[in-house]
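# Summary of structural features
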Amino acid sequence: ALKRTEATSLLIVEVPEESNKLSTFGFEEFVADGVILLHYLGIGGEEFVNLQIRKMRRTKHERGFLSLRKGKNGLFISGRGSMMIR
């Protein structure tokens, strides 16, 4: 029904860090067109957030981990090709 309205919808799922799953119930990643994982790492006083696009149907996408930083003008994602999201 959501696809017929051409709406963009997000399903946000939290999974335990020690889990090897991509979702809570084990089927969400098969229904979704895209799966984006956020990884948080705290070392000492530093915090690092990485983004990984595991699946994005019908498009070529960046592989591997991308650095995600928050700036005063929005989010900055850096990898082979960098981008700004406002």
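Scroll up to find the structure this text is about.
Residues numbered from 1 in each chain as written. Predicted model: local features only at pLDDT ≥ 70, side-chain atom pairs only at ≥ 80, totals over all residues. Heavy atoms only, no water.

### Focus: unusual backbone geometry
- The residue Glu 6 is not glycine, and still its phi comes out positive at about 60°.
- For Glu 6, the location among the structural elements is in the segment before helix H1 (28-31).
- Positioned with a positive phi, Arg 58 is a non-glycine residue whose angle comes to about 60°.
- Relative to the elements of secondary structure, Arg 58 occurs in the loop between strand S2 (46-56) and strand S3 (65-71).
- The exposed category is assigned to Arg 58, whose relative accessible area is 70%. (Helix = DSSP H or I, 4+ residues; strand = E, 2+ residues; numbered from the N terminus. Buried < 20%, exposed > 50% of the residue type's maximum accessible area, 1.4 Å probe, protein only.)

### Focus: the environment of Phe 25
- Looking at where Phe 25 falls in the secondary structure, it is placed in the segment before H1.
- For Phe 25, a relative accessible area of 65% corresponds to the exposed category.
- It is 9.5 Å that separates the C-alpha atoms of Phe 25 and Val 13, two residues lying 12 residues apart in sequence.

### Thoughts on a nonpolar patch on the surface
- On the surface, a cluster of nonpolar side chains totalling about 510 Å² of accessible area is made up of Phe 25, Phe 27, Phe 30 and Val 31.
- Assignment of secondary structure puts Val 31 in helix H1. (Patch = residues over 30% accessible without salt bridge, like charges linked within 9 Å, V, L, I, M, F, W, Y side chains within 5 Å. Areas by Shrake-Rupley, 256 points an atom, 1.4 Å probe, with all protein chains shown as cover. Salt bridge = Lys/Arg side-chain N within 4 Å of Asp/Glu carboxyl O.)

### Comments concerning the pattern of salt bridges
- Inspection of the entire model under this criterion finds 2 salt bridges.
- Measuring nitrogen to oxygen at the nearest pair gives 3.1 Å for the salt bridge that ties Asp 33 to Arg 57. A residue pair is termed long-range when its members are at least 10 positions apart, and Asp 33 in the loop between H1 and strand S1 (34-43) and Arg 57 in the loop between S2 and S3 qualify at 24 residues.
- You can call Arg 57 partly exposed: its relative accessible area is 36%.
- The shortest N-O distance in the salt bridge between Arg 58 and Asp 33 comes to 3.7 Å. Of this pair, Arg 58 sits in the loop between S2 and S3 while Asp 33 sits in the loop between H1 and S1, and the two are 25 residues apart along the sequence.
- Overall, the relative accessible area of 25% leaves Asp 33 in the partly exposed class.

### Focus on the pairing of S1
- Inspection of the sheet shows S1 paired to S2 by 10 bridges, in the antiparallel sense. Of the residues in S2, the one forming a bridge with Leu 41 is Phe 48.
- Two successive antiparallel strands, S1 and S2, enclose a turn made up of 2 residues, where Gly 44 displays a positive phi of approximately 60°. (Pairing = 2+ DSSP bridges.)

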